[in-house]
Structure formats: structure tokens, C-alpha cells
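As a plain string of letters, each chain reads:
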Amino acid sequence: MKIILAGDHAGYELKKEIAAQLTAMGHTVKDAGPFSGDSVDLSDFVYPASLAVAKHEYDRGIFIDGVGYGSALIANRILGIDAVVCQDPFCAKLARQHTNSNVLCLGGKIIGSAIAAEIVKTWMTTDPLTEEKYLRRNNKVKEISKRHLRSLDEIKF
Ligand SMILES: O=C(CO)[C@H](O)[C@H](O)COP(=O)(O)O
């Protein structure tokens, strides 16, 4: 898969580790920054990376900041992005099985390398369940997004 990574200074070290893990798993990885641990504004990196996923330039995104929530808040403002914050592999499994998320957000300040690696492995290798109830629920979320979020075609960049 083609994966885009982004985040801020607080996720910089963990992002490097995840890039190496994904490459070792055989994925094509684009690191959209930041490229140092200097203090930055998260949206400068996560917003363009989210757009790239929404435009299908990448299959999925993995965004790493201090706690993960900031990345998810930004990414979920864009139609076509379903971003989740995961702090353990069980959450990562359900975030794919039940929610079919296409963006994973992690917190470099709150999870260590080993747990992060397990989360990424689980999230990357788990497929959505096709049970009717999950499809129905996800379609309802899609309808809400369509009602409230603008399509990328309508936005002037
Ligand atoms: O976790 C975050 C967002 O979810 C950010 O990484 C965090 O807010 C950055 O804060 P600071 O500039 O104080 O390191």
C-alpha cells in the first residue's frame, strides 16, 4: 500500500520508527514531515497529508503527534477521511473491522515504540468486517459527512 505519514515535533521520533516498520512490511512510504523535532504547528503537516489521502493519492495515512487527538480532529474535517486515535492493538483491530478507518492517529507522548509497532501492524493487516450492521452504521456516518462536509471539488485551493 501507499502510506503517507505526517505529524508534529511530538511525534517526530515515533514517526521515523513507523516509517521504517512500514517499509520493512513492504509498503511505499511518504513522510510528509516534519523532518526535525523543532516545534511546529500540526495542521501545517496533517492537513495536506489528509488531503492527499482524500484525493486517493495514498491508500492510508498515519499521523503522529503528542497524543493523537489533534491529528484526528484535523483529518476528520475532510470528506473522505475516517481518522481514529488508537492506544492499543485491540482498538486498532476494531478501528478497521468495525469502522474501516483510513487514517490512524498515534500519540508519541503516550505510547512506547513496542505498542505503537503492534498497533500499526494490526491496523495495517486487519480488514473491515462485511456484516450488515457494520455496513449500515458506516453508511450512516458517510451520510452525515456528505451532509456537513464539502466535497473537494467545491473547494478552491
Ligand atoms: O498532542 C498534540 C495534539 O494532539 C500536540 O502534539 C501537542 O498539542 C503539542 O504541544 P506542545 O507544542 O506543547 O508540545
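The structure displayed is predicted, hence computed values, not measured ones.

Caption draft 1: Inspection of the site of the ligand at higher detail. Around the ligand, the neighbouring residues are D8, H9, A10, D65, G66, V67, G68, Y69, G70 and K109. Between the ligand and G70, the relevant distance is 2.8 Å, taken from an oxygen atom to a main-chain nitrogen or oxygen of the residue. A distance of 3.3 Å separates an oxygen atom of the ligand from a polar atom in the side chain of K109. Looking at the shell around the ligand residue by residue, the class counts come to three nonpolar, four polar and three charged.

Caption draft 2: Representation of the nonpolar core. Residues I4, F63, I81, A83, V103 and C105 are the most contacted members of the largest nonpolar core, which totals 22 residues. Elements supplying a minimum of two residues to this core: β1 (2–7), α2 (43–54), α3 (69–75), β4 (83–85) and β5 (103–107). For this core, the element with the highest residue contribution is α2, accounting for seven residues. Every residue in contact with C105, bar those within four places of it in the chain, is listed here: F63, G68, S71, A72, A83, V84, V85 and C86. Ranked by size, the runner-up nonpolar core spans 20 residues in total, among them L5, L104, A116 and I119.

Caption draft 3: Here's a closer look at the environment of I81. Positionally, I81 belongs in the loop between α3 and β4. For the pair I81 and V141, spaced 60 residues apart in sequence, the C-alpha to C-alpha distance is 11 Å. Here I81 is in contact with S50, V53, A54, A75, N76, N102 and V103, once residues within four sequence places are set aside.

Caption draft 4: Geometry of a nonpolar patch on the surface. A cluster of nonpolar side chains, namely V67, Y69 and I110, defines an oily patch on the protein surface of about 260 Å² accessible area. Note that Y69 resides in helix α3. Look at Y69 and you get partly exposed, because its relative accessible area is 45%.

Caption draft 5: Region of interest: the confidence of the model for the chain. Here the chain averages 98 in pLDDT, while 100% of its residues score no lower than 70. Looking at the elements of the chain, mean pLDDT is at its lowest for helix α6 (residues 132–148), recorded as 97, and at its highest for β5, recorded as 99. Quick note on the complex model: pTM equals 0.98, ipTM equals 0.98.

Caption draft 6: Representation of the pattern of salt bridges within the structure. Evaluated as defined, the whole model comprises five salt bridges. When the shortest N-O distance is used, the salt bridge between E131 and K133 registers 4.0 Å. Exposure remark for K133: the relative accessible area of 30% places this residue in the partly exposed category.

Caption draft 7: Structural view of the packing of helix α1 (residues 12–24) against helix α5 (residues 113–125). Closest axis-to-axis distance for the α1/α5 pair is 10 Å, and the angle between their directions is 45°. Considered as vectors, α1 and α5 are oriented oblique to each other. For the pair α1 and α5, the crossing hand works out as right-handed. Within the contact between the two elements, α1 uses L14, E17, I18, Q21 and L22 and α5 uses S113, A116, A117, V120, K121 and M124.

Caption draft 8: Geometry of helix α4 (residues 89–97). Among the residues making up α4, those that are buried are A92, A95, R96 and Q97. On the buried face of α4, the contacting elements are β3 (60–65), β4 and α5. Looking at where α4 begins, the residue whose side-chain oxygen comes 3.0 Å from the main-chain nitrogen of F90 is D88.

Caption draft 9: Highlighting the environment of L106. Looking at the element boundaries, L106 is found in strand β5. Accessibility expressed as a relative area gives 0% for L106, which makes it buried. Residues L106 and G68 lie 38 residues apart in sequence; the distance between their C-alpha atoms is 4.5 Å.

Calculation criteria
- Residues numbered from 1 in each chain as written.
- Predicted model: local features only at pLDDT ≥ 70, side-chain atom pairs only at ≥ 80, totals over all residues.
- Heavy atoms only, no water.
- Near = heavy atom within 4 Å.
- Polar contact = N/O pair within 3.5 Å; in protein donor to acceptor, adjacent residues only side chain to side chain.
- Nonpolar A, V, L, I, M, F, W, Y, C, P; charged D, E, K, R; others polar.
- Core = buried A, V, L, I, M, F, W, Y, C linked by side-chain atoms within 4.5 Å.
- Buried < 20%, exposed > 50% of the residue type's maximum accessible area, 1.4 Å probe, protein only.
- Helix = DSSP H or I, 4+ residues; strand = E, 2+ residues; numbered from the N terminus.
- Contact = heavy atoms within 4.5 Å.
- Patch = residues over 30% accessible without salt bridge, like charges linked within 9 Å, V, L, I, M, F, W, Y side chains within 5 Å.
- Areas by Shrake-Rupley, 256 points an atom, 1.4 Å probe, with all protein chains shown as cover.
- Salt bridge = Lys/Arg side-chain N within 4 Å of Asp/Glu carboxyl O.
- pLDDT = per-residue confidence, 0-100.
- Axes fitted to C-alpha atoms, helices over the stretch in contact; angles between N-to-C directions.
- Parallel < 35°, antiparallel > 145°, perpendicular 65-115°, else oblique.
- Left-handed = near helix turned anticlockwise from the far one by under 90°.

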